[in-house]
Structure formats: C-alpha cells, structure tokens
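# Coordinate analysis (summary)
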Amino acid sequence: IDGVHYHFTDVDEFRKMISEDAFLEYAEYVGNFYGTPRKYVDEAMAAGKDAILDIEIQGAAQVHTLRPEVVRIFIAPPSWEELERRLTARNTDSPEKVQERLLRAKVELKAADQYDYFVINDNVENAVAELRAIMLAEHCRPTDRIHLLREA
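Attention here is on the structure that accompanies the text. (Residues numbered from 1 in each chain as written. Predicted model: local features only at pLDDT ≥ 70, side-chain atom pairs only at ≥ 80, totals over all residues. Heavy atoms only, no water.)

Along its 15 residues, helix α5 (residues 95-109) runs 21 Å from first to last C-alpha, staying within 8% of the 21 Å computed at 1.5 Å per residue. Where α5 is concerned, the buried positions are Val98, Arg101, Leu102, Ala105 and Glu108. Taken down its axis, α5 places every buried residue within 120° of arc, on the same side. Exposed residues lying more than 90 degrees from the buried face of α5 are Glu96 and Leu103. Those residues of α5 that are buried lie in contact with β1 (23-29), β2 (32-37), α3 (57-66), β3 (73-76) and α4 (80-90). (Helix = DSSP H or I, 4+ residues; strand = E, 2+ residues; numbered from the N terminus. Expected span 1.5 Å × (residues − 1). Buried < 20%, exposed > 50% of the residue type's maximum accessible area, 1.4 Å probe, protein only. Arc of directions from axis to C-beta. Contact = heavy atoms within 4.5 Å.)

Quick look at the structure:
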C-alpha cells in the first residue's frame, strides 16, 4: 500500500531523488526501481531504533560502503523448488518474470558469504527467532555497552 509498505513514485521523480542524494541505496531490479530514502533510516536511528532494510545485494553493498558498521543478514529460501513455488503462488508476476527472479536469486546466492549472518526462511517463526537472536547478539557488543561501566 502506497505510504504504508512503500512510497511509490514515477521514474522522473525517482531520478530527481537520486540526483539530490536522497537515497541510502537504490537499484533497478528486474525492471523496477527500488530505493531506501536516507531520511527515514536516519530518523529511526536518531530515535534509538534499529533500521531493518529488506534490500537486494546491490543495495546492501551500497549501504555497507556508506556505513561499514551495518550488520548484513542474507535471507534464503530452504530450496530452489520452494522459492519457485512462493514466487508463483504470489501471483504477481508473469511466468517469465518468475524465471528472471529465479535467475537473479542464483546470482545473489553467490554473494551470501560476504554477509555477517545467513538465515534460512523455512518458516516465519524460525526465521523471526533467528533474526531476533542476531539483533540481541549485536546489541551485546562491548562497543554498545562498555560506556555503562565507565566512570564519569
């Protein structure tokens, strides 16, 4: 839903936002443009919140270049057959577009070893539990807590 899940815009406005450096990352992915507005991420982090970006590997590389401290989590389906089943069941893409997405997924999997964590999305409950565990562990790093024990 526009304004809830995504903010839709036309290509000209998207390109204008690129020229204004409004995106933390952006990419063209299987014929569509996607981007993460810098403003929303910066606002969330300034408020002490974690910002979770659901982005593809090009975008993750862009974000990592700008902010090397980010935690990168690669989320993969349990099998190629299941990925194809899920993409087909969504009923949002043509069979040709599904095949494009499957080919793209194979390319992306080759970059998985560059990530900090690897989660297999076999079912929602397991994947969420693993993501929560990663977030908890990341918040336990000494750099995030050592100030609590330092004398003033």
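Turning our eyes to something else, we now look at unusual backbone geometry. One non-glycine residue, aspartate 21, lies in positive phi territory at about 55°. By the element assignment, aspartate 21 lies in the loop between α1 (11-19) and β1. Residue asparagine 91 is not a glycine yet carries a positive backbone phi of 60°. Inspection of the secondary structure puts asparagine 91 in the loop between α4 and α5.

We now examine the nonpolar core. Membership of the largest hydrophobic core is limited to 7 residues, which are Ile57, Ala60, Phe74, Ala76, Ala111, Ala112 and Tyr115. Those elements that place two or more of their residues in this core are α3 and β3. Leu87, Val98, Leu102 and Ala105 belong to the second-largest nonpolar core, a separate cluster that totals 5 residues. (Core = buried A, V, L, I, M, F, W, Y, C linked by side-chain atoms within 4.5 Å.)

Before going further, it helps to spend a moment on the side chain of arginine 67. Structurally, arginine 67 can be placed in the loop between α3 and β3. Ignoring anything within four residues of it in the chain, the contact list for arginine 67 reads Leu24, Arg38, Val41, Asp42 and Met45.

As a further point, take the packing of aromatic side chains. The final tally for this structure, using the stated rule, is 7 aromatic pairs. Judged by centre distance (5.3 Å) and plane angle (85°), the rings of phenylalanine 74 and tyrosine 115 are edge-to-face. Here phenylalanine 74 is found in strand β3, whereas its partner tyrosine 115 is found in the loop between α5 and β4 (117-120), with 41 residues between them in sequence. What makes phenylalanine 74 buried here is its relative accessible area of 9%. Taking relative accessible area as the criterion, tyrosine 115 reaches 15% and is therefore assigned buried. Joined through ring pairs, the aromatic side chains of Phe14, Phe23, Tyr26 and Phe33 make up one cluster. Positioned over the ring face of tryptophan 80 is lysine 106, at 5.5 Å from the centre of the ring. (Phe/Tyr/Trp six-rings, centres within 6.5 Å; stacked < 30°, edge-to-face > 60°. Lys NZ or Arg CZ within 6 Å of the ring centre and 35° of its normal.)

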